[in-house]
Amino acid sequence: MRWTRRPGWRRPRLPRTRAGQRRLVRAVVAVCVLALLPATWLYVTTGDRLRTTADAPRTDVAVVFGAGLWHGEPSPYLAHRLDAAARLYRDGRIKVVLVTGDNSREDYDEPDAMRTYLTGHGVPAGRIVTDYAGFDTWDSCVRAKKIFGVDRAVLVSQGFHIRRAVALCEAAGIDSYGVGVDAVHDATWYYGGAREVFAAGKAALDAVFRPDPTFLGPKEPGVARALADAR
């Protein structure tokens, strides 16, 4: 079989002159720098806000972000986040857990799966509050502040995501510290790390323009009620 070139298609040509090659190199470097600026912003702004489950500051609320379900149960990555939150509760570092995730369709319910997992690991149901409209990190942070009245929180996620979560919750008005849980460096981990480079750009735009979340709705007293019961 003989391949033919498509009509009108031309192979891109590199500049032949030194001046043209230098301009091309500068353009490539500029694009790379611009692409990495949001990720650099995340590292700079959250450098002193990362903790472990052993030294996380004592505060009222922990926020756990959804990370997918497998056959209706938390994925291994999400289970690690929930394990960390349960440990924070058992150690007395937090009083209430706000679980935030996707429940955009009837057959997919992250928050309730997270609640069930936590109750099975020693966290009382009355100390767990569910946010069913945490469709992405920004939505979860804004809703935690505006809907659930969270002013200060420990955030729980994987290491590759926690800086973005802290930066966005800070931008949403929550005094935040992040606990990045360990994870096996498998294909999902590498995918998550690579995805964060691009997600950092959206995070920077969210922090600057502060759009409304996909769904806002009325204020909910769940966190305040759970804290009152805790006292």
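Now for a description of the structure that goes with this document. (Residues numbered from 1 in each chain as written. Predicted model: local features only at pLDDT ≥ 70, side-chain atom pairs only at ≥ 80, totals over all residues. Heavy atoms only, no water.)

## Focus: the state of the cysteines
Here is step 1: Under the defined criterion, the tally for this structure stands at one disulfide.
Here is step 2: Shown here is the disulfide that connects cysteine 141 with cysteine 169, its sulfur atoms set 2.3 Å apart. Across the S-S bond linking cysteine 141 and cysteine 169, the dihedral sits near -85°, which makes this disulfide left-handed. Taken together, the residues cysteine 141 in helix H4 (residues 137-146) and cysteine 169 in helix H5 (residues 159-171) connect sequence positions 28 residues apart.
Here is step 3: With a relative accessible area of 2%, cysteine 169 lands in the buried category. (Disulfide = S-S within 2.5 Å. Helix = DSSP H or I, 4+ residues; strand = E, 2+ residues; numbered from the N terminus. Buried < 20%, exposed > 50% of the residue type's maximum accessible area, 1.4 Å probe, protein only.)

## Things to note about the sheet that holds strand S5 (residues 96-100)
Here is step 1: Here we have six strands laid out as an open sheet, ordered S1-S8-S7-S2-S5-S6, and parallel in their pairing. Two strands close off the open sheet at either side, each with one partner strand: strand S1 (50-51) and strand S6 (128-131).
Here is step 2: Bridge count for strand S7 (residues 152-158) against strand S8 (residues 175-181) is seven bridges, and the pairing is parallel. Residue valine 154 lies in a different strand from S8, and its bridge partner there is tyrosine 177.
Here is step 3: Contacts from helix H2 (residues 76-90) reach strand S2 (61-65), S5, S7 and S8 within the one sheet, and its direction differs from that of S7 by about 145°.
Here is step 4: Together, S2, S5 and S6 form the strand contacts of helix H7 (residues 222-230), whose direction differs from that of S6 by roughly 175°. (Pairing = 2+ DSSP bridges. Contact = heavy atoms within 4.5 Å. Axes fitted to C-alpha atoms, helices over the stretch in contact; angles between N-to-C directions.)

## Side note on the side chain of threonine 59
Here is step 1: Within the element layout of this structure, threonine 59 appears in the loop between S1 and S2.
Here is step 2: For threonine 59, the contacting residues outside a window of four places in its chain are Arg93, Ile94, Lys95, Arg152, Ala153 and Val154.

## Section: the pairing of S6
On a regular strand, one side chain projects to one face of the sheet and the next to the other, so that they alternate.
Here is step 1: Residue alternation in S6 divides its side chains into two sets, Ile128 and Thr130 and Val129 and Asp131, and both sets are buried.
Here is step 2: The sheet contact formed by S5 and S6 spans four bridges and is parallel. The partner of valine 99 across the bridge, within S6, is threonine 130.
Here is step 3: In the classification by handedness, the crossover that spans S5, the intervening helix H3 (residues 110-119) and the parallel S6 is right-handed. (Right-handed = clockwise from strand over helix to strand, strands pointing away.)

## Here's the deal with the nonpolar core
Here is step 1: Counting 28 residues, the largest nonpolar core has Leu98, Val150 and Leu155 as its most contacted members.
Here is step 2: Breaking this core down by element, the ones donating at least two residues are S2, S5, H4, S7, H5, helix H6 (187-209) and H7.
Here is step 3: Here the element with the most residues in this core is H5; it accounts for six residues.
Here is step 4: If near-sequence neighbours (up to four positions away) are discounted, valine 150 is found in contact with Val61, Leu98, Ala144, Lys145, Ile174 and Val223. (Core = buried A, V, L, I, M, F, W, Y, C linked by side-chain atoms within 4.5 Å.)

## Quick look at the pattern of salt bridges
Here is step 1: Taken as a whole, this structure holds 10 salt bridges when the rule is applied.
Here is step 2: The closest approach of N and O atoms between aspartate 175 and arginine 49, which form a salt bridge, is 2.6 Å. Linking aspartate 175 in strand S8 with arginine 49 in the loop between helix H1 (18-46) and S1, this pair joins segments that are 126 residues apart in sequence.
Here is step 3: Each of Arg49, Arg152, Glu170 and Asp175 takes part in one network of salt bridges that share partners. (Salt bridge = Lys/Arg side-chain N within 4 Å of Asp/Glu carboxyl O.)

## A short note on the environment of arginine 87
Here is step 1: For arginine 87, the position within the fold is in helix H2.
Here is step 2: For the pair arginine 87 and histidine 121, spaced 34 residues apart in the sequence, the C-alpha separation amounts to 9.1 Å.
Here is step 3: With residues near it in sequence (within four places) discarded, arginine 87 still touches Thr53 and Ala54.

## Let's talk about a nonpolar patch on the surface
Here is step 1: Judged by side-chain polarity, Leu205, Val208 and Phe209 come together as a nonpolar surface patch covering roughly 360 Å² of accessible area.
Here is step 2: Mapped onto the fold, phenylalanine 209 is located in helix H6.
Here is step 3: Assessed through its relative accessible area of 63%, phenylalanine 209 is described here as exposed. (Patch = residues over 30% accessible without salt bridge, like charges linked within 9 Å, V, L, I, M, F, W, Y side chains within 5 Å. Areas by Shrake-Rupley, 256 points an atom, 1.4 Å probe, with all protein chains shown as cover.)

## Describing the pairing of S8
Here is step 1: Counting buried residues along S8, five of its seven residues qualify, which places the element largely inside the surrounding structure.
Here is step 2: Of the strand pairs in this sheet, S1 and S8 are connected by two bridges, and their pairing is parallel. In the sheet register, leucine 50 faces S8, and the bridge partner there is glycine 178.
Here is step 3: Running through H5, the crossover from S7 to the neighbouring parallel element S8 is right-handed.

These figures come from the coordinates and say nothing about function on their own.
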